[in-house]
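# Architecture and fold: a report
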Amino acid sequence: MPTRPPVVTPPQSDNGDLDLLPLLGTLVDHKWLIAAVVALAFMLSAGYALLARPVYEANALVQVEPKTAPLPGLNAVSELLAESTPQAVTEIALIRSRSILGAAVAELRLDIQARPARFPLLGNLLARRYVPAAPGAVASAPLGLSRYGWGGERLDIESLELPDALLGKPLQLIAGDDGSYALRSPEGEPLLEGKTGAPAEGAGASIEVAALHANPGTRFELVKQPRLSAISTLQAGLAVAEQAKDSGIISLSYQLEEPARAVAILDTIVDLYARQNVERNSAEAATSLAFVNRQLPQVRRDLEAAEEALNAYRSRTQSVDIGLETQAILDQLVATEANLSNLRLQQAEVDRRFTREHPARRALMRQIGELEGTRDELTRKIEGLPETHQELLRLTRDVEVGTLTYTNLLNQAQQLDIARAGTVGNARVIDAAAVDTARPVKPRKARIVMLGTFLGGFAVVAWVLLRHLLNRGVEDPQAIEQLGLPVYASIPLSPFQRDHESIGRHRPKGAREPHLLALDAPADLAIEALRSLRTSLHFGMLEARNNVLMIAGSSPDAGKTFVATNLAAVLAQAGQRVLLIDGDLRRGTLHRVMGFEPGNGLSDVLAGRLDAAGAIRHSAVEGLHFVSRGQVPPNPSELLMHPGFGALLEQVSTGYDLVVMDTPPILAVTDAAIIGRHAGTSLLVARFGFNRPRELELARQRLEQNGIELKGAIFNAVEKRTEGYYAYAYYDYRPERT
């Protein structure tokens, strides 16, 4: 028995770093696939950018000015409130509130959506390019496709009432002749029929169509959303933000496919907000005016009482004037009391609007406390004056304070009355809604094309690399030799080989022409590799016990049939007498490659229905004979274990230089192990990138457990790689044509 060649162990890397060269080589090997996918991604993204409906953005600017204080001296409190809560934040929340957006939905009937049906893919593009020859004109329907809108269609709904079960569901409105129409349910059931300009009712629904411009038969998708859903949709599309912090300039924007409708929506929202702002300011002025009017009678009575008391005291004491020092104290005290009076009025207003713990109220109470301290200090100074001066100063103070307070209240009442009756708020429109129809905001064509192309390239590169990393199939013959199997030949994959390998699966039954690569393309690299294998076998089988060669494989699709048939043909072309036997009694396909029917084959000989001479057939190659599998038996393994199989091989081997047997996969069935007991030489076919080292090791162990020693391996279907064995092992060296 020949000695097994030593196991060759490749040098191991000193570190666990990822080698990028094989990955780069994998990308280079798949360059045409990557280029094709990138080109496809480019075309798809460019097509989407061209066909997508453009979206336009309407913009508007609103300025919110600081509010004036409703009462004298309330400006300080307003400033404190502005520090704690920026006014723009409040106004933005008001603009996005359901009260304003709900009114816009009701005014513009945004809860009703009506769109004509468009032809798939190109319908929107053709409709956008249509230019009506006259107002209200619509594009004619080509090829009788009147159910689609081709441009210029218009449907205005004045009112639409539906049962709750139909809210949010797409209805179908079909245009008729002379402004007539029919409304259908989502299931296509008729709901009602009507005419433009007149209300129509039916099936619990009512509708009034104000305008309908479309070809007869054109279908519109009609949807009425619940009110809250329509408001939520409007809120989601409305962008409101302050342009700069504390600037009071608020920008509004809204995006829509219809620019005119986007402008109308934004204009309506701005108008409703400005109107609500005026009404809110007027209501606040009216409330403050009512408060001032309630205070005026009491302040007037207090002033009259103070004047009477002062006059009575002067008449009784004959005092008319006070000294300069006392007058200075009096002026300070009057100013302090006037400020305190104003702050007391503010306190009443603040108590009405805020809680006791509000920062504005705390600041106001802190100011009142400071003024009360100043007043007490002045009062202590007054206590040092003569009693007559003290009383006169007190009475004079009451009169002057009352007069000043009463005058301020009268002025404030006049201002509030004007504000209540006025139509000016603290918000004004700087820029009305406008849209640039020449520059839609979506789709951004260049960005879409670039991003789509990049994603396509990224996806295909990731797929190629992931497939490479997950594919543990053998790609280097050295990996096979590590298992103790010398590689007798590496057969490169060629387009001819790929076609010939598919014969067993796709060749029509009953085909009579042989389909051998050795005949069709004798100069192919795969056939040159088989000629090299022929030479190696000549020396490798010198010490074999017989001339029977078994071609085995670990799994299906390894290429055993291709190797067996073409190797037998190459051997016969070299002048040897070769018998090719299909030992796969279950799914053998050698007969299709050789151009025969499967009947009258090996199974028939083993079953006793035919003798050996009747099963042997001549092939198209001189010196090559063939035995098909025969009829598929119910017990293939038992037939092969019959003593007649060994006797058959002994009989035919004497008449041929070499007997080549194709077998089923060893890991699938045990037939190969049975056949291998009768073969003097056994070779295992391993397919490039398909069979894993562990799989080949299990196949070798399975055969050795049955007493069969593998002579070596055949590395089949080796693909060309930038980095790898085939990169340097084979070159295309064909004969020159004359």
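Reading the values: rules and limits
Residues numbered from 1 in each chain as written. Predicted model: local features only at pLDDT ≥ 70, side-chain atom pairs only at ≥ 80, totals over all residues. Heavy atoms only, no water. Helix = DSSP H or I, 4+ residues; strand = E, 2+ residues; numbered from the N terminus. Buried < 20%, exposed > 50% of the residue type's maximum accessible area, 1.4 Å probe, protein only. Contact = heavy atoms within 4.5 Å. Areas by Shrake-Rupley, 256 points an atom, 1.4 Å probe, with all protein chains shown as cover. Phe/Tyr/Trp six-rings, centres within 6.5 Å; stacked < 30°, edge-to-face > 60°. Salt bridge = Lys/Arg side-chain N within 4 Å of Asp/Glu carboxyl O. Pairing = 2+ DSSP bridges. Axes fitted to C-alpha atoms, helices over the stretch in contact; angles between N-to-C directions. pLDDT = per-residue confidence, 0-100. Expected span 1.5 Å × (residues − 1).

Attention now moves to the overall build of the chain. Along the chain, the regular secondary structure elements total 26 helices and 20 strands. The buried share of the chain, reckoned over its 738 residues, is 44%. Long-range pairs, those at least 24 residues apart, make up 79% of the contacts in the chain between residues at least 6 apart in sequence. For the chain, the exposed surface amounts to about 38,800 Å²; the carbon and sulfur share of it is 54%.

Across the junction of Lys-442 and Pro-443, the peptide omega takes the value -10°, indicating a cis bond. Within the fold, Pro-443 resides in the loop between strand S12 (427-435) and helix H12 (445-470). In this structure, Leu-121 takes a positive phi of about 70° despite not being glycine. Structurally, Leu-121 is set in the loop between strand S2 (112-116) and helix H6 (123-129). With phi around 65°, Asp-557 is a residue other than glycine that occupies positive phi space.

What follows deals with the packing of aromatic side chains. With the rule as written, the count across this model stands at six aromatic pairs. On the basis of an interplanar angle of 80° and a centroid distance of 6.5 Å, the ring pair of Tyr-148 and Trp-150 is categorised as edge-to-face. In this pair, the class of Tyr-148 matches that of Trp-150, namely buried. Taken together, a centroid distance of 6.2 Å and an interplanar angle of 25° make the contact between Phe-454 and Phe-458 stacked. Of the two residues, Phe-454 and Phe-458 both sit in helix H12, four residues apart, roughly one turn of that helix. Note on accessibility: Phe-454 and Phe-458 belong to one class, exposed. A network of ring pairs unites the aromatic residues Phe-119, Tyr-148 and Trp-150 as a single cluster.

All right, on to the pattern of salt bridges then. This model, assessed by the stated rule, comprises 12 salt bridges. A single network of salt bridges, built from pairs that share partners, joins Arg-53, Arg-115 and Glu-257.

What follows covers the environment of Thr-407. If you trace the backbone, Thr-407 turns up in helix H11 (residues 387-421). Assessed through its relative accessible area of 36%, Thr-407 is described here as partly exposed. For the pair Thr-407 and Leu-296, spaced 111 residues apart in the sequence, the C-alpha separation amounts to 9.6 Å.

What follows deals with the sheet that holds strand S1 (residues 56-64). Strands sit in the order S10-S11-S1-S12 across an open sheet of four strands; the sheet is antiparallel. At either margin of the open sheet sits one strand with a lone partner, and together these are strand S10 (238-242) and S12. On average, each strand axis in the sheet is tilted by 15° relative to the strand beside it, whichever way the strands run. As defined by bridge partners, S1 adjoins strand S11 (residues 249-256) across eight bridges and the pair is classed as antiparallel. What sits directly across from Tyr-56, in S11, is Leu-256. Against the sheet, helix H4 (residues 87-95) touches S1, S10 and S11, its axis set at about 170° to S10.

Now for the confidence of the model for the chain. For the chain, per-residue confidence averages 82 on the pLDDT scale, and residues scoring 70 or more make up 83% of the total. Every residue in residues 1-17 is under pLDDT 50, and counting partners more than four places away or in other chains gives 18 contacts. Counting interchain partners and residues more than four positions distant, the pLDDT-below-50 stretch residues 71-85 has 26 contacts.

With 13 residues, helix H25 (residues 693-705) should reach 18 Å at 1.5 Å per residue; the first-to-last C-alpha distance of 18 Å fits that figure. Of all the positions in H25, only Glu-695, Leu-696, Glu-697, Ala-699, Arg-700 and Leu-703 are classed as buried. Tucked inside the fold, the buried residues of H25 contact helix H13 (477-481), helix H24 (671-676) and strand S19 (681-687). Just past H25, the residue Gly-707 takes up positive phi, approximately 80°.

Before going further, it helps to spend a moment on the sheet that holds strand S8 (residues 205-213). Ordered by their spatial adjacency, three strands build an open sheet running S3-S8-S7, and the pairing between neighbours is antiparallel. Here the strands that pair on one side only, and so sit at the sheet edges, are strand S3 (154-161) and strand S7 (199-202). On average, each strand axis in the sheet is tilted by 30° relative to the strand beside it, whichever way the strands run. As judged from the four bridges shared by S7 and S8, these two strands associate in the antiparallel manner. Each bridged residue has a counterpart across the sheet, and for Pro-199 the counterpart in S8 is Glu-208.

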